[in-house]
Amino acid sequence: RVDDTQLFAMTAPLLTTSDGKKMGKSMGGAVWLNEDLLSPYDYWQYWRNTADADVIRFLRLFTELPDDRIDELAKLKGQAINEAKEVLADETTRMLHGQECLSPIKETAKQLFSAEGGGTSDDATLPTVELPAAELGDGVPVVDLFLKLEFAKSKSEVRRLIKGGGARINDEKVADEGLVITEGDFAEGKVKVSSGKKKHGIVKLS
């Protein structure tokens, strides 16, 4: 206004999901672009878990796929919509982290699904945090491992997870809220921590 210069601004509506909830850090945690803050695997899983009603809109908003390809995916119904979700996860992750990360991510996801039925999983692409051996001492409460991986915001939230049967250590269900994890639980120096069916991480002794 001072120098009579013409200015232009662009705005965008608040992004919301089909159920009216806003997308953002207040809804289930921030979706970081920095892989030091959110692993490529977790980033891929975030998009893979998109609701059926949102996937086509998100393909148009967050990928560079041509409209005719998205129109094809929009025809998928029922269980087949999962193909569209995987395309969304692949494309958004490729754009941020590169093509080379997709193969290990998808192999890990496949093996984790297989592990539910007795298979084994490769943890190479899972989010990993370190636990100093000195901090482990004679053992560490299991709830602390979930907090360390940021799978919960409080100990009471972890306890609710355990009560609901959704907490696992090394693929074994945790039944005792007071369980203490000792050095013997760290196979090859690491423990696998799972929250529900979709959140998995590694705590590694250092």
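Read on for an overview of the structure.

This part covers the sheet that holds strand β4 (residues 172-173). Read from one edge to the other, the open sheet built from five strands follows the order β1-β7-β6-β3-β4, with strand pairing classed as mixed. Each edge of the open sheet is held by one strand with a lone partner, namely β1 (128-131) and β4. When strand β6 (residues 190-195) meets strand β7 (residues 199-205), the two strands line up antiparallel, connected through six bridges. Looking at the pairing, Val193 lines up with Gly201 of β7.

Counting 24 residues, the largest nonpolar core has Val55, Leu59, Leu73 and Ala84 as the members making the most contacts within it. Secondary-structure elements contributing two or more residues to this core are α1 (40-48), α2 (55-62), α3 (67-73), α4 (81-97) and α5 (102-115). Once you skip the residues sitting within four places of it in the chain, Leu59 turns out to touch Leu65, Ile70, Leu73, Ala84, Val87 and Leu88. Core analysis: the second largest hydrophobic core is formed by 20 residues, Val143, Phe151, Ala167 and Val174 among them.

It is the contact of α2 with α4, at a shortest axis distance of 10 Å, that shows an interaxial angle of 25°. By the angle between their axes, α2 is roughly parallel relative to α4. Of the two possible hands of crossing, α2 and α4 adopt the one that is left-handed. Of α4, the residues touching α2 (which contributes Val55, Phe58, Leu59 and Phe62) are Ile81, Ala84, Lys85, Val87, Leu88, Thr92 and Met95. Within the contact of α2 with α4, the residues separate by chemical class into nine nonpolar, one polar and one charged.

The next point concerns the side chain of Gln45. Here Gln45 is to be found in helix α1. Sequence-distant contacts of Gln45, defined by excluding residues within four places in its chain, comprise Ala109 and Lys198.

Conventions and cut-offs
Residues numbered from 1 in each chain as written. Predicted model: local features only at pLDDT ≥ 70, side-chain atom pairs only at ≥ 80, totals over all residues. Heavy atoms only, no water. Pairing = 2+ DSSP bridges. Helix = DSSP H or I, 4+ residues; strand = E, 2+ residues; numbered from the N terminus. Core = buried A, V, L, I, M, F, W, Y, C linked by side-chain atoms within 4.5 Å. Buried < 20%, exposed > 50% of the residue type's maximum accessible area, 1.4 Å probe, protein only. Contact = heavy atoms within 4.5 Å. Axes fitted to C-alpha atoms, helices over the stretch in contact; angles between N-to-C directions. Parallel < 35°, antiparallel > 145°, perpendicular 65-115°, else oblique. Left-handed = near helix turned anticlockwise from the far one by under 90°. Nonpolar A, V, L, I, M, F, W, Y, C, P; charged D, E, K, R; others polar.

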